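# Architecture and fold: a report
For reference, the chains in residue letters:
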Amino acid sequence: MKTFLNDLKNELIKNKVDMEEIAEIIHDHEEMIATAMAEGLTEEEIPARFGDPKILARELAEQSRKQTNPIEKDGYTLWKSFTPDEKTLHVFIQVVAENVAVQPSEDDDIHVYYQGKGKVDRYEISYHKGTFKLEAPKTLGLLFMRSSSDDLDFLVEFPQSLDIQEIKQHGVSSDVKYQNLKSEKLIINTTSGDLSIQTSQFTYVKVNTVSGDLLFTDVKMGDLDASQVSGDLKIERSKIEGNIHSSTVSGDIEINDTEANDVEFSAVSGDVNGCEFYPKTIKFKSVSGDMNLTNKESREIKVIKNSSLSGSINIHS
Amino acid sequence: MNAQFKRGIIELCVLSVLVEKDSYGYEIISKLSEHLDVGENTIYPILRRLTSEDYFTTYLEESTEGAPRKYYQMTKKGFIYYLSLREEWDAFIGGVYHVINQGGKKNEDILKRFKERINQE
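Please read these numbers as outputs of a predicted model, since none were measured by experiment.

All names here are of chain B. Taken in spatial order, the three strands of this open sheet run 1-3-2, and their pairing is antiparallel. Looking at which strands have only one partner, the edges of the open sheet turn out to be strand 1 (23-24) and strand 2 (56-63). Pairing analysis gives two bridges linking strand 1 to strand 3 (residues 66-74), with the strands arranged antiparallel. In the strand pairing of strand 3, Ser23 is matched with Tyr72.

Structure follows, in structure tokens:
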């Protein structure tokens, strides 16, 4: 018994487990081995029942490192990791005020990091058969009932080797930041959260916001369908292979250095401003908003429909 | 067998012991070793980890053999975790049985059919 305990203790020290924990582990083993020997287990049989001290110590050390030294990244703490079980991925994120950043992971696993004072344990998180879900606790209630202890932000990382089929995100005031991603579909609903998407590629993007602003930088998209009330839409250095369909009440739209196919804007009082913006056709429907395009190249841009009441359309090239 | 897979099964076995009654460390170890070759897969680290994750709590109770023993007790959270693992296991093992028994359970029959097929080719 003494040999086993001494070996175990030495191995735990070697593996840099802290003394308090070692004392507890040794104490537990003293008790278990005493019981075992009272029941007739011999000295030689101890390792067979309790494990090789070397392997046991290594396993315990690994566990305690995970608990006491959480892995940090850019101020975030690692919460969960998942190893993908399928080549495709579906993503569902449902939050309230938590900001969410999504980017590729550096290895082949999915990682979720968090930051803030909120209790992360109350969030539902799962990955099963190619479906990733992150959900805020439903008991949190309405936004104004929330305290600062509910404050929490997330950083989610998906491996680049995965073929992302869709990302669906629902938030109320949460800001969303996506970078270096590739997905078939991206569907985002938010009330006042801002959305920033950088250097990414999507076949279809649909965004609904009330007062949230949208910013696309270096994004390659198939179709873009954006619906806003007072939020602004800004697209920079992007390529839209399909069509843009954007509707807003009072938000402004600004598009720079971007190519697109058919474009349809409908605004009430929002203006549309473009610089180096080359769509093939434009439909502009507005009550009092103006549209101004300033392009260096004089490519043909067909204005299909202009049903602006008091606004004007100007294309300079 | 894959070590991680085996560890998951042993974890389920530990949970299955504690779902019935509170037990002390060696009681759990000897119960499992009775039926399973636990070998290198040590049970104590599992007890320790599940306790730190609040699936179990512990308390001390006097024993007839001297020093008090540490008893492990499953929490509500542990019970929910047990149910989810159990469900996953049942679904998995059900699938495995279905696949391996699709040719029946009799080895003689399987061998007979195998021989026939090999001879034909």
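Having put the structure on the table, let's press on.
Let's shift gears to the packing of aromatic side chains. For the coordinates displayed, the defined rule picks out 12 aromatic pairs over all chains. An angle of 55° between the planes, with centres 6.2 Å apart, marks the rings of Phe4 of chain A and Phe50 of chain A as tilted. Of this pair, Phe4 of chain A sits in helix 1 (residues 2-14) while Phe50 of chain A sits in helix 3 (residues 46-50), and the two are 46 residues apart along the sequence. Here Phe4 of chain A matches Phe50 of chain A in class, with each residue buried. Ring pairing ties together the aromatic residues Phe82, Tyr127, Phe132 and Phe158 of chain A, which thus form one cluster. The positively charged end of Arg299 of chain A is found above the aromatic ring belonging to Tyr278 of chain A, 4.0 Å away from the centroid. Seen from the ring of Tyr24 of chain B, Arg69 of chain B lies directly overhead, with NZ or CZ sitting 4.0 Å from the centre.

Residue and element names in this part refer to chain A. The sheet contact formed by strand 3 (residues 88-94) and strand 9 (residues 163-170) spans seven bridges and is parallel. Paired with Leu89 across the two strands is Ile164, which belongs to strand 9. Pairing of strand 9 with strand 11 (residues 182-189), which is carried by six bridges, proceeds in the parallel orientation. Considered in strand 11, the bridge of Glu166 is made with Lys185.

Moving on, we get to the nonpolar core. Of all hydrophobic cores here, the largest spans 57 residues; its most connected members are Phe132, Phe216 and Phe265 of chain A. Counting 44 residues, the second largest nonpolar core, distinct from the first, contains Leu12 and Ile22 of chain A together with Ile10 and Ile28 of chain B.

This next bit is on the pattern of salt bridges. All names here are of chain A. For the structure shown, the criterion picks out 16 salt bridges over all chains. When the shortest N-O distance is used, the salt bridge between Glu106 and Lys73 registers 3.6 Å. Of the two residues, Glu106 sits in the loop between strand 4 (100-104) and strand 5 (110-115) while Lys73 sits in strand 1 (residues 72-73), which places them 33 residues apart along the sequence. Residue classification places Glu106 among the exposed residues on the basis of a relative accessible area of 75%. Assessed through its relative accessible area of 16%, Lys73 is described here as buried. Between Lys168 and Glu166 there is a salt bridge whose closest N-O contact spans 3.9 Å.

Here is what the cut-offs are and how they apply
Residues numbered from 1 in each chain as written. Chains lettered and ligands numbered in written order. Predicted model: local features only at pLDDT ≥ 70, side-chain atom pairs only at ≥ 80, totals over all residues. Heavy atoms only, no water. Pairing = 2+ DSSP bridges. Helix = DSSP H or I, 4+ residues; strand = E, 2+ residues; numbered from the N terminus. Phe/Tyr/Trp six-rings, centres within 6.5 Å; stacked < 30°, edge-to-face > 60°. Buried < 20%, exposed > 50% of the residue type's maximum accessible area, 1.4 Å probe, protein only. Lys NZ or Arg CZ within 6 Å of the ring centre and 35° of its normal. Core = buried A, V, L, I, M, F, W, Y, C linked by side-chain atoms within 4.5 Å. Salt bridge = Lys/Arg side-chain N within 4 Å of Asp/Glu carboxyl O.

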